[in-house]
Amino acid sequence: MDVKIEDSWKQRLQQEFEQPYFKELVSFIKQEYTTQKIYPPGKLIFNAFDACPFDQTKVVILGQDPYHGRGQAHGLSFSVNDGVPSPPSLINIFKEIQDDLGKPFPRSGNLMRWANQGVLLLNATLTVREASPGSHQGKGWERFTDAVIQCLNDDRQNLVFMLWGRYAQDKGRIINPQKHFVLKSKHPSPMSANSGGWFGNKHFSQANNYLRSKGMGEIDW
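Now for a look at the structure at hand.

### Digging into the overall build of the protein chain
Here is step 1 of the chain: What the protein chain contains, in helices and strands, is nine helices and six strands.
Here is step 2 of the chain: In terms of overall size, the protein chain behaves like a compact globule, its C-alpha atoms giving a radius of gyration of 17 Å where 221 residues would be expected to give roughly 17 Å.
Here is step 3 of the chain: Buried positions account for 52% of the 221 residues belonging to the protein chain.
Here is step 4 of the chain: Of the contacts formed within the protein chain by residues at least 6 apart in sequence, a portion of 65% connects residues at least 24 apart.
Here is step 5 of the chain: Of the roughly 10,300 Å² of accessible surface on the protein chain, a fraction of 47% belongs to carbon and sulfur atoms.

### Let's talk about the nonpolar core
Here is step 1 of the chain: Formed by 63 residues in total, the largest nonpolar core has its most connected members in Phe-22, Phe-46, Ile-61, Trp-114, Phe-144, Met-162 and Trp-221.
Here is step 2 of the chain: No other element matches the six residues that helix H6 (residues 141-155) contributes to this core.
Here is step 3 of the chain: In contact with Phe-46, other than residues within four places in its own chain, are Val-3, Lys-4, Ile-5, Phe-22, Leu-126, Trp-141 and Phe-144.

### A short note on the sheet that holds strand S5 (residues 160-164)
Here is step 1 of the chain: Spatial strand order, S3-S2-S5-S6: four strands in an open sheet with parallel pairing. Both outer strands of the open sheet, strand S3 (119-123) and strand S6 (181-185), are each paired with one neighbouring strand and no more. With strand direction ignored, the average angle separating the axes of adjacent strands in the sheet is 20 degrees.
Here is step 2 of the chain: Across five bridges, the pairing between S5 and S6 is parallel. Residue pairing for S6: Trp-164 is matched across the bridge by Ser-185.

### Quick word on the pairing of S5
Here is step 1 of the chain: Counting buried residues along S5, five of its five residues qualify, which places the element largely inside the surrounding structure.
Here is step 2 of the chain: Residues Val-160, Met-162 and Trp-164 of S5 are buried on one face, and the alternating residues Phe-161 and Leu-163, pointing to the opposite face, are buried as well.
Here is step 3 of the chain: In this sheet, S5 lies alongside strand S2 (residues 59-63) in parallel orientation, the contact comprising three bridges. Bridging from a neighbouring strand, Val-59 pairs with Val-160 of S5.
Here is step 4 of the chain: Of the crossover connections in this fold, the one passing from S5 over helix H7 (residues 165-171) to the parallel S6 is right-handed.

### Focus: the environment of Lys-30
Here is step 1 of the chain: As for its position among the elements, Lys-30 is in helix H2 (residues 20-35).
Here is step 2 of the chain: The spatial distance from the C-alpha of Lys-30 to the C-alpha of Arg-173 is 31 Å, given a sequence separation of 143 residues.

### Quick word on the side chain of Asn-123
Here is step 1 of the chain: As for its placement among the helices and strands, Asn-123 is situated in strand S3.
Here is step 2 of the chain: Of the polar contacts made by the side chain of Asn-123, one reaches the backbone nitrogen of Gln-64; its length is 3.3 Å.
Here is step 3 of the chain: Every residue in contact with Asn-123, bar those within four places of it in the chain, is listed here: Gly-63, Gln-64, Asp-65, Pro-66, Leu-76, Ser-77 and Thr-145.

### Re the packing of helix H4 (residues 88-101) against helix H9 (residues 203-213)
Here is step 1 of the chain: For the pair H4 and H9, the least separation of the axes is 8 Å and the interaxial angle reads 60 degrees. Between H4 and H9, the interaxial angle falls into the category oblique. Taken together, the residues of H9 that come into contact with H4 (itself represented by Ile-93, Glu-96, Ile-97, Asp-100 and Leu-101) are His-203, Phe-204 and Ser-205.
Here is step 2 of the chain: Class assignment of the residues belonging to the contact of H4 with H9 gives a composition of four nonpolar, two polar and two charged.

### Considerations on unusual backbone geometry
Here is step 1 of the chain: Looking along the chain, the bond that leaves Tyr-39 and enters Pro-40 is cis, with omega of -5 degrees.
Here is step 2 of the chain: Turning to its location among the elements, Pro-40 is positioned in the loop between strand S1 (38-39) and helix H3 (47-51).
Here is step 3 of the chain: In this structure, Ala-131 is a non-glycine residue whose phi angle is positive, near 60 degrees.
Here is step 4 of the chain: Along the chain, the position of Ala-131 falls in the loop between strand S4 (128-129) and H6.
Here is step 5 of the chain: Given the relative accessible area of 59%, Ala-131 is considered exposed.
Here is step 6 of the chain: In this model, Lys-202 sits at a positive phi of 55 degrees, which is unusual for a non-glycine residue.
Here is step 7 of the chain: Inspection of the secondary structure assignment puts Lys-202 in the loop between helix H8 (190-193) and H9.
Here is step 8 of the chain: The partly exposed category is assigned to Lys-202, whose relative accessible area is 41%.

About the thresholds
- Residues numbered from 1 in each chain as written.
- Predicted model: local features only at pLDDT ≥ 70, side-chain atom pairs only at ≥ 80, totals over all residues.
- Heavy atoms only, no water.
- Helix = DSSP H or I, 4+ residues; strand = E, 2+ residues; numbered from the N terminus.
- Rg over C-alpha atoms; globule rule 2.2 N^0.38 Å.
- Buried < 20%, exposed > 50% of the residue type's maximum accessible area, 1.4 Å probe, protein only.
- Contact = heavy atoms within 4.5 Å.
- Areas by Shrake-Rupley, 256 points an atom, 1.4 Å probe, with all protein chains shown as cover.
- Core = buried A, V, L, I, M, F, W, Y, C linked by side-chain atoms within 4.5 Å.
- Pairing = 2+ DSSP bridges.
- Axes fitted to C-alpha atoms, helices over the stretch in contact; angles between N-to-C directions.
- Right-handed = clockwise from strand over helix to strand, strands pointing away.
- Polar contact = N/O pair within 3.5 Å; in protein donor to acceptor, adjacent residues only side chain to side chain.
- Parallel < 35°, antiparallel > 145°, perpendicular 65-115°, else oblique.
- Nonpolar A, V, L, I, M, F, W, Y, C, P; charged D, E, K, R; others polar.

So, in structure tokens, the structure goes:
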């Protein structure tokens, strides 16, 4: 199957694209885009991969679903398009960066600037129906993104994995902490963050300290 995705990822994931489950997933997704309002736009489903090639990945941030509101999702976990108000989880991410690194609150919630530095902003599920969170779960995306994580775990070393919340931490169990730096905390969503365990996690400074110790460039968060 010819999937339009950045070449370095295509080479490593081509075997996955040929699996029966993935072909069934593609059939389902095509039908959904024909009959429903689906996010992100079809051409941006693999935006996270296109913006952050395999060999340039330094940090992986795991999300769950794309945003399901109009104009928000553009294929990067936690990120929104320019001009779209930052959702509550993203606001809490920016608050933690401000407290951790002293950086000013950004004007835009578009995280493409992170992706271009080697941050893979990976959702477990890459599509969603409008106003229907979780609507594309259990259709095959999770198996595909598990394969992505497995590929990174096996074929790279010294990556930083940020696992926020139980869902991401469960999905990240396949990551070898002897090869990679695994950071875990509560999820930045308000209900979770305000109960303690998100604010003060200092994941962003820890990530940069680790990357520096391995001779890799820091991320300008």
